[in-house]
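# Coordinate analysis (summary)
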Amino acid sequence: MSGNLPRQASRSIINKYINKETIKYVFTTHFWGPVSNFGIPIAAIYDLKKDPNLISGPMTFALLVYSGVFMKYALAVTPKNYLLFGCHVVNCTAQAGQGYRYLMNNYEKSKQVLTGETKQTVKVESDKK
């Protein structure tokens, strides 16, 4: 009888998650649109480690606006597309991080040029006697 328990549990899980409705959903644009769209936030997250000089401010702003609009769209359609909504939440977060890096990189440079400040390392020697 103990051999049947794992088989029944796996069969129950399969019947619950792999059914006609799930398979029908996987073959729709409500599924594949967001899945293919996840390339944008994945790339943005990957780019968070790269040099901030490579960030395009206008493109980052455009992607923020794009994701904001499509977050609203994902909840406006019937049925609500939570996968698309989640994709754009991740993208907004990643693009906001990129935008912050872009602003800090460019703001710091312009601030240094305007004020003539330079970052200097001050070496403090301790008194050893």
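Read on for a plain summary of the structure.

## Considerations on the layout of surface pockets
Estimates place the volume of the largest pocket at around 170 Å³. Around the largest pocket, the lining comprises 15 residues; the ones closest to its centre are Ala 44, Asp 47, Ile 55, Thr 60 and Gln 98. Looking at the lining of the largest pocket, the elements that each hand over two or more residues are helix 4 (39-47), helix 5 (57-76) and helix 6 (82-115). When residues of the lining of the largest pocket are assigned to their parent elements, the largest contribution, 4 residues, is made by helix 4.

## With respect to a nonpolar patch on the surface
A surface patch of nonpolar side chains, about 680 Å² in accessible area, is lined by Ile 13, Ile 14, Tyr 17, Ile 18, Ile 23 and Phe 27. Of the residues forming the nonpolar patch, the biggest block, 3 residues, is contributed by helix 1 (residues 4-17). Secondary-structure assignment places Ile 14 in helix 1. With relative accessibility at 44%, the residue Ile 14 sits in the partly exposed group.

## Describing the environment of Tyr 73
Within the secondary structure layout, Tyr 73 lies in helix 5. Owing to a relative accessible area of 44%, Tyr 73 belongs among the partly exposed residues under this scheme. The spacing of Tyr 73 and Phe 85 is 12 residues in sequence and 8.2 Å in space, taken between C-alpha atoms.

## A few points about the packing of helix 3 (residues 29-37) against helix 4
At their nearest, the axes of helix 3 and helix 4 sit 5 Å apart, and the two run at 20 degrees to each other. The angle between the axes of helix 3 and helix 4 places the two elements in the roughly parallel class. On helix 4, the residues that touch Val 35, Ser 36 and Asn 37 of helix 3 are Gly 39, Ile 40 and Pro 41. The residue inventory of the contact of helix 3 with helix 4, partitioned by class, reads 3 nonpolar, 3 polar and no charged.

Definitions and cut-offs
- Residues numbered from 1 in each chain as written.
- Predicted model: local features only at pLDDT ≥ 70, side-chain atom pairs only at ≥ 80, totals over all residues.
- Heavy atoms only, no water.
- 1 Å grid on protein atoms, 1.4 Å probe; cavity = no way out; pocket = protein on both sides within 12 Å on 5 of 7 lines; lining within 4 Å.
- Points joined across faces, edges and corners; volume = space filled by probe spheres on them.
- Helix = DSSP H or I, 4+ residues; strand = E, 2+ residues; numbered from the N terminus.
- Patch = residues over 30% accessible without salt bridge, like charges linked within 9 Å, V, L, I, M, F, W, Y side chains within 5 Å.
- Areas by Shrake-Rupley, 256 points an atom, 1.4 Å probe, with all protein chains shown as cover.
- Salt bridge = Lys/Arg side-chain N within 4 Å of Asp/Glu carboxyl O.
- Buried < 20%, exposed > 50% of the residue type's maximum accessible area, 1.4 Å probe, protein only.
- Axes fitted to C-alpha atoms, helices over the stretch in contact; angles between N-to-C directions.
- Parallel < 35°, antiparallel > 145°, perpendicular 65-115°, else oblique.
- Contact = heavy atoms within 4.5 Å.
- Nonpolar A, V, L, I, M, F, W, Y, C, P; charged D, E, K, R; others polar.

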